[in-house]
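Listed below, chain by chain, are the residues.
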Amino acid sequence: MITSRTAWHLGSGPAAGAAWNTKDLAPDGRGQDRLGAGGGAGASPRAPLLPALLHHKILSVSWPDSANPRGLCRALQALRDTTRKRTFPMEQAASSHRQHSDSQQQFLPVQFPAFPSAAQPLGTPHGWHSAPQRGGCALTSSIFAHTAGGRLCGGKRASLSTARPFPVIQEVMASMAHLQKEKLRLQEELLELQEKLTAQENNELSLSLQLQGQVETLKEKLLEQAQEISRLRSELGGTDAEKHRDLLAAENERLRQEMKALEGELRELQQQAPCRDCPHLQENAELQEQLSQLQREAEETRARLVELDLEVQQKTNRLAEETIASLKSQPQQIKYIIKTVEVESAKVKQALCETQSRNQYLQEQVGMQKQVLKEMEQQLQSSQKTEAQLRAQIMMYEAELERAHGQMLEEMQAMEDEKNHAIEEAFSRAQVEMKAVHENLAGVRTNLLTLQPALRTLTHDYNSLKRQVRDFPLLLQETLRSARAEISQAIEEVHSTNRELLRKYRRELQLRKKCHNELVRLKGNIRVFGRVRPITKEDGEGPEAANAVTFDADDDAVLHLLHKGKQVSFELDKVFPPQASQEEVFQEVQALVTSCIDGYNVCIFAYGQTGAGKTYTMEGTAANPGINQRALQLLFSEVRGKAADWDYTITVSAAEIYNEALRDLLGKEPQEKLEIKLCPDGSGQLYVPGLTEFRVQSVEDINKVFEFGHIKRVTECTNLNEHSSRSHALLIVTVRGLDRSTGLRTTGKLNLVDLAGSERVGRSGAEGSRLREAQHINKSLSALGDVIYALRSRQGHVPFRNSKLTYLLQDSLSGDSKTLMMVQVSPAEKNTSETLCSLKFAERVRSVELGPVSRKAELGSWPSQEHLEGDSPGSSAPAGRGHASPSPGQLSSRSASIRRKLHTSGKLRSIPL
Ligand SMILES: Nc1ncnc2c1ncn2[C@@H]1O[C@H](COP(=O)(O)OP(=O)(O)OP(=O)(O)O)[C@@H](O)[C@H]1O
């Protein structure tokens, strides 16, 4: 947890002692008890928490007013030395750091508020924030954090916590670090000044002590000399005076040597003095000068002593001579003495004389010694005077020292005040900044609290992802290997399955084709549908426009025609009432259309009188297209469904047969008559040279083709139908397929034929060219009937060449080709004769299919339209059925349900072609 104002107190508890040997850190070197400021309630405020200085992220260091600056200096010095020497047990610190980081993750710089009052115990909330008592672990962690940073720089480094996620905190921390640096710099300067002062004091003290010692020594020596003089004075011996002189000389020599030693020491002290600019140097120089003066005086004293010695020697010699001379010049006295001796003895007299001379000599010596003593007393007085002067100088110097010391203390106090002031200012600034930091930190802490779980989750996810990423290549390789194996196996299986499916598909294709053929065969290769158009406005109004056609509700293959008051019934394969839609009609023919894709030839005719709806059924309208367009759409759809295996090409040609002339409706020269020829390759196939063939790929292509062909088609106005088509219109669709897997090629042809209207010439009122058109039309329709009949009756000769129509459709009518004839009839009363003819034609076509072979002879030849005109229902057609002979109509007494049943069961088999 990050706490911006966390103050660490080194308590006196065992944890603190275990974490850090605080004895090394005590400011006065007296041990741990000086650091236990935050201990019990009774603990008095002591020195600040110096161990915090070890933590080099300290923002500020407080110091009580009552603290001794010298003690602080010494403590700082000792602390710095200790810090430099200290080697932390890294493993212990690291383990502590880990323990601590598990719970806290970060530890903060230690911060001490400024100046807790002397009366306030440390650790109380005035300026001091209660710290989490983490003991040695926290402190060791702090030390470890700094040690791990690479160096211990003795308090000069001020760095903040390692985790500073926000710029604001960083800025504040940077400013605080700057303040801390400033404080540390001031502290260092103070420390240096204090060191200088201490050294100067020490020097001055030692010098003073030395001088005092010298003075004392001199005093003692003077005393000794005085005593010696007194002793000499008491002894009054000349030889002793000489000895004393020698002693004094030796003493002088010793004093000289001591003086030299002292001078050397003084020089050394001067050299050791760190502050050259210190004002006390001047004093030292003065003292040195005084000392030199004293030395000179001592030299002078010594010189005088030497002179005195010489004088004593001279005087002694002179005295000896004078004594001898005086002795010589005083014979009477000696005589007296001699007399005395003579009285007593000569020997005594001589001794007396000697004694007298000796006395004389001694008296002289005493006088001389007195003189010397007097001189020495004078010298002593002079020395005492000098001593007094020196004492005065020493006193003055001491006073000066006192003054300098007081001044120094004042300066120190001023500096201390200045330092405290700076610290206070820094602390107040730091407090303001810390307040802002607190506010930011509160938000940050909130964010951290919310982010920490997310971080943990993310970390967990990250680790999990890292593991996954690390394992991913192996997993991927393994997966790829297994996937490759599986894919290979699957491909093999698919291949074998495909082969099997292909085999089945081909078998099913063959089966389908077979079934389709069988179905078509069962239904009949030639099928006949009937479609009754609705009453139109062209039919007019009144009885002639009345509906003459009705239907069987139970059988969709039967219709009834009311003709001239009699109802004639016809049975076809399928009858579409007027309400039948184009879609319903196409549904019945689409099976034929799709067989074209399988390679069959299909022919769909629309047969009927003019205006009966042939074009409507085959072409339809734009909004409601007929078989042609729907068939092509179906072909496209089917081809797309088989595109995976088959390549299909659909081409379209459009032609018309007008007056037995074949013309290309899509060609550039529509009036050009085309010929139908055999293929030169000997295949027996027919082809039309010059017939345009368009490849169509979409419904749009079809529409263009139809539009183009429709324009070209000859339409002329007739009495019966304003837009009656007077030609057979053929849409020839060729579907060529290629099975890519087998290379099998198929070609199917779909002929969609809108036949020209079958009309009786007399009724339509045709004459001239119109009559000729009608005759061609009827002829071609009769030829079509002949061909169909020949095919169904399996005659050896099929008269395809009797008309252009049948000749062109030869390959689509023979063999396995499938043919549908859509017989269009009008329901109007006025058209019942035409309707009757068309239905008879249709029923006869259909009867060929259903009737036995024998009936072919019965039927004879295929009647033409004109023939049919004579074969009116009124003359030969049986009532109830429009059949002129024993026909399937008579056989058709069987119900439609039985017929459908037979079709479904396959028991009904048409006569094979
Ligand atoms: N099933 C039907 N539903 C609605 N209208 C039809 C239907 N059959 C034909 N008609 C309408 O009858 C009219 C004649 O039809 P259509 O032109 O198709 O006859 P047709 O047999 O083609 O004549 P022609 O032989 O002279 O060309 C047209 O107006 C057509 O729209």
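Being a predicted model, the structure only gives us computed values, none of them experimental. (Residues numbered from 1 in each chain as written. Predicted model: local features only at pLDDT ≥ 70, side-chain atom pairs only at ≥ 80, totals over all residues. Heavy atoms only, no water.)

Taken as a whole, the second largest pocket holds about 1,000 Å³ of empty space. Lining the second largest pocket are 45 residues; nearest its centre among them are Leu218, Leu255, Met259, Leu294 and Ala298. Ranked by residues supplied to the lining of the second largest pocket, first place goes to helix 8 (residues 280-329) with 13 residues. Residue composition of the lining of the second largest pocket, by class: 20 nonpolar, 13 polar and twelve charged. (1 Å grid on protein atoms, 1.4 Å probe; cavity = no way out; pocket = protein on both sides within 12 Å on 5 of 7 lines; lining within 4 Å. Points joined across faces, edges and corners; volume = space filled by probe spheres on them. Helix = DSSP H or I, 4+ residues; strand = E, 2+ residues; numbered from the N terminus. Nonpolar A, V, L, I, M, F, W, Y, C, P; charged D, E, K, R; others polar.)

The next point concerns the pairing of strand 14 (residues 745-754). Within strand 14, seven of the ten residues are buried, which leaves the element mostly enclosed by the surrounding structure. Judged from the six bridges that link them, strand 6 (residues 601-608) and strand 14 form a sheet pairing that is parallel. Within strand 14, the residue paired with Ala606 across the bridge is Asp754. In this structure, strand 13 (residues 728-739) lies alongside strand 14, joined through ten bridges in antiparallel fashion. Each bridged residue has a counterpart across the sheet, and for Val733 the counterpart in strand 14 is Leu750. (Buried < 20%, exposed > 50% of the residue type's maximum accessible area, 1.4 Å probe, protein only. Pairing = 2+ DSSP bridges.)

Ranked by size, the top nonpolar core spans 48 residues in total, and within it Phe605, Leu813 and Met821 carry the most contacts. Among the elements that make up this core, the one with the highest residue count is helix 16 (residues 769-792) (seven residues). Discounting chain neighbours no more than four positions away, the residues touching Leu813 are Cys603, Phe605, Leu784, Val787, Leu791, Phe800 and Thr819. Listed in part, the 39 residues of the second largest apolar core include Leu509, Ile604, Tyr648 and Leu731. (Core = buried A, V, L, I, M, F, W, Y, C linked by side-chain atoms within 4.5 Å. Contact = heavy atoms within 4.5 Å.)

Looking now at the packing of aromatic side chains. Taken as a whole and judged by the stated rule, the model has three aromatic pairs. Between Phe529 and Phe576, the aromatic rings sit 5.8 Å apart at their centres with planes inclined by 75°, giving edge-to-face as the arrangement. Taken together, the residues Phe529 in strand 1 (residues 526-532) and Phe576 in strand 5 (residues 574-576) connect sequence positions 47 residues apart. Note on Tyr607 and Phe841: the rings are 4.3 Å apart at their centroids and 20° apart in plane angle, and the pair reads as stacked. One end of the pair, Tyr607, is in strand 6; the other, Phe841, is in helix 19 (residues 832-850), and 234 residues separate them in sequence. Residue classification places Phe841 among the buried residues on the basis of a relative accessible area of 3%. Cation over ring: Lys818 sits above Tyr600, and NZ or CZ is 3.1 Å from the ring centre. (Phe/Tyr/Trp six-rings, centres within 6.5 Å; stacked < 30°, edge-to-face > 60°. Lys NZ or Arg CZ within 6 Å of the ring centre and 35° of its normal.)

Relative to the helices and strands, His405 resides in helix 10 (residues 346-523). Distance in space between the C-alpha atoms of His405 and Leu197 is 8.9 Å, their sequence separation being 208 residues.

Counted at 1.5 Å a residue, the expected span for helix 16 with its 24 residues is 34 Å, and the 34 Å between its end C-alpha atoms agrees. Taking burial as the measure, the 24 residues of helix 16 include 18 buried ones, the bulk of the element. Remark: Arg794 follows helix 16 within two positions and exhibits a positive phi of approximately 55°. (Expected span 1.5 Å × (residues − 1).)

So, on to unusual backbone geometry. Despite not being glycine, Lys564 has its phi angle at roughly 50°, a positive value. Look at Lys564 and you get exposed, because its relative accessible area is 69%. Phi at Asn659 is positive, roughly 50°, even though this residue is not glycine. Secondary-structure assignment places Asn659 in the loop between strand 7 (646-658) and strand 8 (661-664).

What follows is about the UniProt feature "binding site: ATP" (unreviewed entry) in the protein chain. Taken from the UniProt record, the annotation "binding site: ATP" (unreviewed entry) applies to Gly608, Gln609, Thr610, Gly611, Ala612, Gly613, Lys614 and Thr615. On the secondary structure map, Gln609 appears in the loop between strand 6 and helix 12 (614-618). Judged by relative accessible area, Lys614 falls into the buried class, the value being 7%. In contact with Lys614, other than residues within four places in its own chain, are Ala606, Tyr607, Gly608, Gln609, Asp754, Leu755, Ala756, Gly757 and Gln824. In terms of polar contacts, Lys614 uses its side chain to reach the backbone carbonyl oxygen of Gln609, at 2.9 Å. (UniProt positions renumbered as here; feature names shortened; annotations may be inferred. Polar contact = N/O pair within 3.5 Å; in protein donor to acceptor, adjacent residues only side chain to side chain.)

For Gly540, the position within the fold is in the loop between strand 1 and strand 2 (549-552). For Gly540 and Lys830, which are 290 residues apart along the polypeptide, the C-alpha to C-alpha distance reads 9.8 Å. Here Gly540 is in contact with Ala545 and Lys830, once residues within four sequence places are set aside.

Moving on: a nonpolar patch on the surface. Nonpolar side chains collect at one region of the surface, where Phe472, Leu476 and Leu480 lie side by side and expose about 250 Å² of accessible area between them. Within the fold, Leu476 resides in helix 10. Under the relative-accessibility criterion, Leu476 is labelled partly exposed at 33%. (Patch = residues over 30% accessible without salt bridge, like charges linked within 9 Å, V, L, I, M, F, W, Y side chains within 5 Å. Areas by Shrake-Rupley, 256 points an atom, 1.4 Å probe, with all protein chains shown as cover. Salt bridge = Lys/Arg side-chain N within 4 Å of Asp/Glu carboxyl O.)

Here we take up the confidence of the model for the protein chain. Scored by pLDDT, the protein chain has a mean of 70; 65% of the residues are at 70 or more. In the model of the protein chain, helix 20 (residues 854-859) stands out as the element of lowest mean pLDDT, 28, in contrast to strand 5, which has the highest, 93. Low pLDDT, under 50, characterises residues 849-913; the stretch is placed with 128 contacts to residues that sit more than four places away or in other chains. Across the whole predicted complex the pTM is 0.44, and at the interface the ipTM reaches 0.98. (pLDDT = per-residue confidence, 0-100.)

Once that is clear, we can look at the pairing of strand 4 (residues 566-571). In this sheet, strand 4 lies alongside strand 3 (residues 555-563) in antiparallel orientation, the contact comprising six bridges. Each bridged residue has a counterpart across the sheet, and for His560 the counterpart in strand 4 is Ser569. The turn joining strand 3 and strand 4, which pair antiparallel and follow one another in sequence, is formed by two residues; a positive phi near 50° is taken by Lys564.

Interaxial distance between helix 11 (residues 582-595) and helix 13 (residues 627-641) falls to 10 Å at its minimum, and their mutual angle equals 50°. As far as their axial angle goes, helix 13 and helix 11 are oblique. Considering how the two elements wind past one another, helix 11 and helix 13 form a crossing that is right-handed. In this structure, helix 11 contributes Gln582, Glu583, Val585, Phe586, Val589, Gln590, Val593 and Thr594 to the contact, and helix 13 contributes Ile627, Arg630, Ala631, Leu634, Leu635 and Glu638. Residues of the contact of helix 11 with helix 13, tallied by class, amount to eight nonpolar, three polar and three charged. (Axes fitted to C-alpha atoms, helices over the stretch in contact; angles between N-to-C directions. Parallel < 35°, antiparallel > 145°, perpendicular 65-115°, else oblique. Left-handed = near helix turned anticlockwise from the far one by under 90°.)

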